[in-house]
Amino acid sequence: MSYWDDQSPDNEGVLGGFGQVSPADIMDSRRFLVKCFSERLQEAKETGEDLVAADCGAGIGRVSKDLLLQFFQQVDVVEPSEHLLDTARKNLKTTSGGHRAVNFFRCGLEGFEPEKGRYDALWIQWALMYLTDEDAVAFLRRCKAKMKAKGVMFLKENVCDRGFLVDSDDCSMTRSHAYFDELFRVAGLRLVHTAVQRNFPKCLFKVRMYCLAVDD
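Residues numbered from 1 in each chain as written. Predicted model: local features only at pLDDT ≥ 70, side-chain atom pairs only at ≥ 80, totals over all residues. Heavy atoms only, no water.

Asker: Could you clarify how one ought to interpret the overall build of the protein in this entry?
Answerer: Assigned secondary structure in the protein consists of seven helices and nine strands. For the protein, whose C-alpha radius of gyration is 16 Å, the value lies close to the compact-globule estimate of 17 Å for 216 residues. The dimensions of the protein, computed from C-alpha atoms along their principal axes, are 50 × 40 × 35 Å. Buried residues in the protein amount to 50% of all 216 residues. (Helix = DSSP H or I, 4+ residues; strand = E, 2+ residues; numbered from the N terminus. Rg over C-alpha atoms; globule rule 2.2 N^0.38 Å. Buried < 20%, exposed > 50% of the residue type's maximum accessible area, 1.4 Å probe, protein only.)

Structure below.
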């Protein structure tokens, strides 16, 4: 937590000095979201239903602004760092097309209690890496139990080749693809689709995207 309190509230700060990856990140995330969620988006468009998402570990609201608010009428922001959350409030103050950021929750994922029946989707990016296995599984189970029918979780995280690696600077854990598969199994989630992020610098960890269904 103290690590993020010391980071600048901008793309460079929240992306570890690699702010230049944001456009490629958003582009592949958009492609992934549309591929996995297109039927639900079309259904909501035809019925006039508002879709609601939560941006979990949102930082300054980068993903909310550039991705989620393009598809969801309402987005809630979950972020434990006060100064990053304050910046998210400013960045998301002005929206267009009736899409808006609604709630700003200052808490970590281990303490987040989603409102039952509110969310169609959760976007969890570079956030599960800061939870222990126990806390990660508990968080995923809570969300599974309280999301809407047909709800999905989008997870986007660094992955290593095998096992896990711990970063002593920010206390993060980079898990392997196989490790994530086991966490999802224990949490009772069904893997719908996965893809690897493209066009990132070779010096960075591989980044993998997951779409997880909450139905059994």
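Asker: What exactly am I supposed to notice about the packing of aromatic side chains here?
Answerer: The geometry of an aromatic ring pair is captured by two quantities: the separation of the ring centres and the angle between the planes. Under the criterion given, the structure shown has 11 aromatic pairs. Taking 5.7 Å as the distance between ring centres and 35 degrees as the angle between the ring planes, the aromatic pair formed by F37 and F72 counts as tilted. On the criterion of sequence distance, the pair formed by F37 in helix α3 (residues 22-47) and F72 in the loop between α4 (62-66) and β2 (74-78) is long-range, its members being 35 residues apart. The exposure class assigned to F37 is buried, which follows from its relative accessible area of 2%. You can call F72 buried: its relative accessible area is 0%. Ring centres 5.1 Å apart and planes at 70 degrees place the aromatic pair F184 and Y210 in the edge-to-face group. Of the two residues, F184 is situated in helix α7 (residues 177-187) and Y210 in strand β9 (residues 206-213); the sequence distance between them amounts to 26 residues. Of the residues examined, F184 reaches a relative accessible area of 2% and is grouped as buried. (Phe/Tyr/Trp six-rings, centres within 6.5 Å; stacked < 30°, edge-to-face > 60°.)

Asker: Help me out: how do you make sense of the state of the cysteines in this one?
Answerer: A covalent bond between the sulfur atoms of two cysteines is what we call a disulfide. Per the counting criterion, the structure on display carries zero disulfides. The thiol sulfur of C203 is not disulfide-bonded, and the nearest other cysteine sulfur, from C160, lies at 17 Å. C211 carries a free sulfur, and the closest cysteine sulfur to it, the one in C36, is 4.1 Å from it. (Disulfide = S-S within 2.5 Å.)

Asker: Even after reading the chapter, I still don't get the nonpolar core, so can you show me in this structure?
Answerer: In globular proteins that are soluble, nonpolar side chains generally tend to be buried together. Of all hydrophobic cores here, the largest spans 29 residues; its most connected members are L122, I124, F139 and M153. Broken down by secondary-structure element, the contributors of at least two residues to this core are β1 (52-56), β4 (121-125), α6 (133-146), β5 (152-160), α7 and β9. Broken down by element, this core gets its largest block of residues, five residues, from α6. Residues A58, V63, L69 and V77 belong to the second largest nonpolar core, which totals 28 residues. (Core = buried A, V, L, I, M, F, W, Y, C linked by side-chain atoms within 4.5 Å.)

Asker: Explanation requested: the packing of α6 against α7 in the structure shown.
Answerer: The angle between the axes and the distance between the axes are what describe a pair of packed helices. Viewed as axis vectors pointing N to C, α6 and α7 meet at an angle of 50 degrees, and their least axial separation amounts to 9 Å. Judged on the interaxial angle alone, α7 and α6 are oblique. Considering the relative orientation of α6 and α7, their crossing is right-handed. Side by side, α6 and α7 meet where D133, V137, L140, R141 and K144 of the first sit next to Y179, L183, F184, V186 and A187 of the second. A class-by-class count of the residues in the contact of α6 with α7 yields seven nonpolar, no polar and three charged. (Axes fitted to C-alpha atoms, helices over the stretch in contact; angles between N-to-C directions. Parallel < 35°, antiparallel > 145°, perpendicular 65-115°, else oblique. Left-handed = near helix turned anticlockwise from the far one by under 90°. Contact = heavy atoms within 4.5 Å. Nonpolar A, V, L, I, M, F, W, Y, C, P; charged D, E, K, R; others polar.)

Asker: Explain unusual backbone geometry to me, please; I cannot follow it from the model alone.
Answerer: Excluding glycine, residues mostly carry a negative phi; peptide bonds, for their part, are mostly trans. The phi torsion at W126 lies on the positive side, around 50 degrees, for a residue other than glycine. Of note, W126 is situated in the loop between β4 and α6. Residue W126 is classed as buried on the basis of its relative accessible area, which comes to 18%. Phi angles above zero are rare outside glycine, and K150 is one such case at about 70 degrees.

Asker: Just to check I follow, could you spell out the pattern of salt bridges for this structure?
Answerer: When their charged atoms lie close together, side chains carrying opposite charge are able to pair. Within the structure shown, the criterion is met by 18 salt bridges. D120 is paired through a salt bridge with K148; the nearest N and O atoms lie 3.1 Å apart. Remark: K148 occurs in the loop between α6 and β5 and D120 occurs in the loop between β3 (100-105) and β4; sequence separation between them is 28 residues. Neither residue differs from the other here; D120 and K148 are each classed as buried. Taking the shortest distance from any N to any O, the salt bridge between R190 and D215 comes out at 3.0 Å. In this pair, R190 is assigned in strand β8 (residues 190-196) and D215 in the segment after β9, connecting sequence segments 25 residues apart. Relative accessible area serves as the criterion here: at 36%, D215 is assigned to the partly exposed category. Beyond isolated ion pairs, a larger network of salt bridges with shared partners links R40, E43, E49, D120, K148 and K150. (Salt bridge = Lys/Arg side-chain N within 4 Å of Asp/Glu carboxyl O.)

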